[in-house]
Amino acid sequence: MAVSLLFYTLIAGFLLSVPRLPILHETIRNVYFHVPMWMAMFTVFTISVVYSIKYLNTGKEKYDLIAVECVNVGTFFYVLGLITGMMWAKYTWGEYWSNDPKQNSAAIAFLLYCAYAVLRNSIDEEQKRAKISAIYNIFAFPIMVVLIMVLPRMTDSLHPGNGGNPAFGKLDMDNHMRMVFYPACIGWSFTALWIATLRYRIRLIEYKNNEIN
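Here the structure is a predicted model, which is why all the values come from computation and not from measurement. Residue indices begin from 1 for each chain and proceed along its sequence in written order. Reporting of local features is limited, given that this is a predicted model, to residues whose pLDDT is at least 70; pairs of side-chain atoms are given and counted only at 80 or more, and all residues count toward the totals for whole chains, interfaces and linings. Where side-chain values are given, they derive from all heavy atoms of the structure, hydrogens and water being excluded.

### Details of the overall build of the chain
Helical segments are the DSSP runs of H or I of at least four residues, strand segments are the runs of E of at least two, and each set is numbered from the N terminus. A count of helical and extended segments in the chain gives six helices and zero strands. Its helices and strands taken in sequence order, the chain reads α-α-α-α-α-α from the N to the C terminus. A total of 213 residues make up the chain; the buried ones form 42% of that total. Contacts spanning at least 24 positions in sequence make up 73% of the contacts within the chain whose residues lie at least 6 apart. Methods summary: accessible areas were calculated by the Shrake-Rupley approach with a probe of 1.4 Å, and residue burial reflects only the protein chains presented. Surface summary for the chain: the accessible area is close to 11700 Å², and the carbon and sulfur share equals 67%. For every residue, the accessible area (1.4 Å probe, protein chains only) is compared with the maximum for its type, and the residue is labelled buried under 20%, exposed over 50%, or partly exposed between those bounds. The contact definition used throughout considers only heavy atoms, calling two residues in contact when any of these lie within 4.5 Å.

### So, the packing of helix α2 (residues 34-58) against helix α3 (residues 61-92)
Helices that pack against each other are described as a pair by the angle of their axes relative to one another and the distance between those axes. Where α2 contacts α3, the axes come no closer than 7 Å and their chain directions differ by 160°. One way to sum up the angle between α2 and α3 is to call them roughly antiparallel. Crossing hand, α2 versus α3: left-handed. Looking at the contact of α2 with α3 residue by residue, the classes come out as 20 nonpolar, nine polar and three charged. Every axis in this analysis is a line fitted to C-alpha atoms, fitted for helices over the stretch in contact. Angles between the N-to-C directions lie between 0 and 180 degrees. An angle below 35 degrees is read as roughly parallel, one above 145 as roughly antiparallel, one from 65 to 115 as roughly perpendicular, and any other as oblique. Left-handed describes a crossing whose near helix is turned anticlockwise from the far helix through less than a right angle; right-handed describes the clockwise counterpart. The residue classification treats Ala, Val, Leu, Ile, Met, Phe, Trp, Tyr, Cys and Pro as nonpolar and Asp, Glu, Lys and Arg as charged. All others, Gly included, are polar.

### A short note on α3
Taking 1.5 Å per residue as the helical rise, α3 with its 32 residues ought to reach 46 Å, and the 46 Å between its terminal C-alpha atoms agrees with that figure. Following α3 by one or two positions, G94 has its phi on the positive side, about 100°. Take the number of residues in a helix, subtract one, and multiply by 1.5 Å to get its expected span.

### What about the confidence of the model for the chain?
When the pLDDT values of the chain are averaged, the result is 81; 77% of them are 70 or greater. pLDDT: the predictor's confidence for each residue, scored from 0 to 100. Per-element confidence in the chain ranges from a low mean pLDDT of 59 for helix α1 (residues 2-15) to a high of 93 for α2.

### Here's the deal with a nonpolar patch on the surface
Like charges within 9 Å and nonpolar side chains (Val, Leu, Ile, Met, Phe, Trp, Tyr) within 5 Å are joined into patches, using only residues over 30% in relative accessible area that form no salt bridge. By convention in these notes, a salt bridge is any Lys or Arg side-chain nitrogen within 4 Å of a carboxyl oxygen on Asp or Glu. A cluster of nonpolar side chains, contributed by V146, M149, V150, L151 and M154, occupies part of the molecular surface with about 430 Å² of accessible area. Considering the arrangement of structural elements, one finds M154 in the loop between α5 (126-150) and α6 (175-212).

### Notes on α2
For α2, which comprises 25 residues, the first-to-last C-alpha distance of 37 Å matches the rise-based estimate of 36 Å (1.5 Å per residue) to within 8%. Looking one or two residues past α2, G59 carries a phi angle of roughly 75°, positive in sign.

### Considering the packing of aromatic side chains
Between 30 and 60 degrees the pair is tilted, below 30 it is stacked and above 60 it is edge-to-face, where a pair is any two Phe, Tyr or Trp rings, Trp via its six-membered ring, whose centres lie within 6.5 Å. Applying the stated rule across the entire model yields nine aromatic pairs. Judged by centre distance (6.3 Å) and plane angle (40°), the rings of Y116 and Y136 are tilted. Remark: Y136 occurs in helix α5 and Y116 occurs in helix α4 (residues 101-121); sequence separation between them is 20 residues. Of the residues examined, Y116 reaches a relative accessible area of 1% and is grouped as buried. With relative accessibility at 24%, the residue Y136 sits in the partly exposed group. Between F181 and Y182 the ring centres are 5.3 Å apart and the planes differ by 65°, which places this aromatic pair in the edge-to-face class.

### Digging into the nonpolar core
Side-chain atoms within 4.5 Å link the members of a nonpolar core, which is a set of buried Ala, Val, Leu, Ile, Met, Phe, Trp, Tyr and Cys residues. Ranked by internal contacts, the top residues of the largest apolar core, which has 46 residues, are M41, F45, F77, Y78, Y113, M144 and I148. At 11 residues, α3 tops the list of elements feeding residues into this core. Here Y113 is in contact with F45, V71, T75, N137, A140, F141 and M144, once residues within four sequence places are set aside.

Next up, the structure:
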């Protein structure tokens, strides 16, 4: 399903017409990639928090493995979201990084999850590492949401949807774009889940092999 949706997104995204808007022009097609990358990131990050809570309640190792692999995949899509956003900013705002509040907040939030990886690698004892990283993950998620979704709306920003700058709506996205945008969000989110599932299975096999040895 995810592969079919992504294939449809790539084909339809380049073939279907888009609104002729000043400044944006054809770069508006990046909305099929930039925003869905963030949606995929939020999806797996949310799942990681759920399983971090489950681990704290049950102490089951598999829940910790699911949580950490969801964070790993979410961080990967976070990077893709930042890269596609920087590319878009170059063509619409004139430079890759303009110190826009949205960009700065996103960078700070990204460092939160880089710190998560550093934290896990700095603790050798398995149960202690799993417990501390689960607690950190639970607190990091709402902070990330505030940094990305709340704070930029409280100040002036070039980014759509923040600081009085309207997000893409009926004046920007037409029905042709919606036919691609929504499947793209679903497709990339399912792709992130699929990658996280594969990584979890690999991690579980490695964990069982270590127990045997």
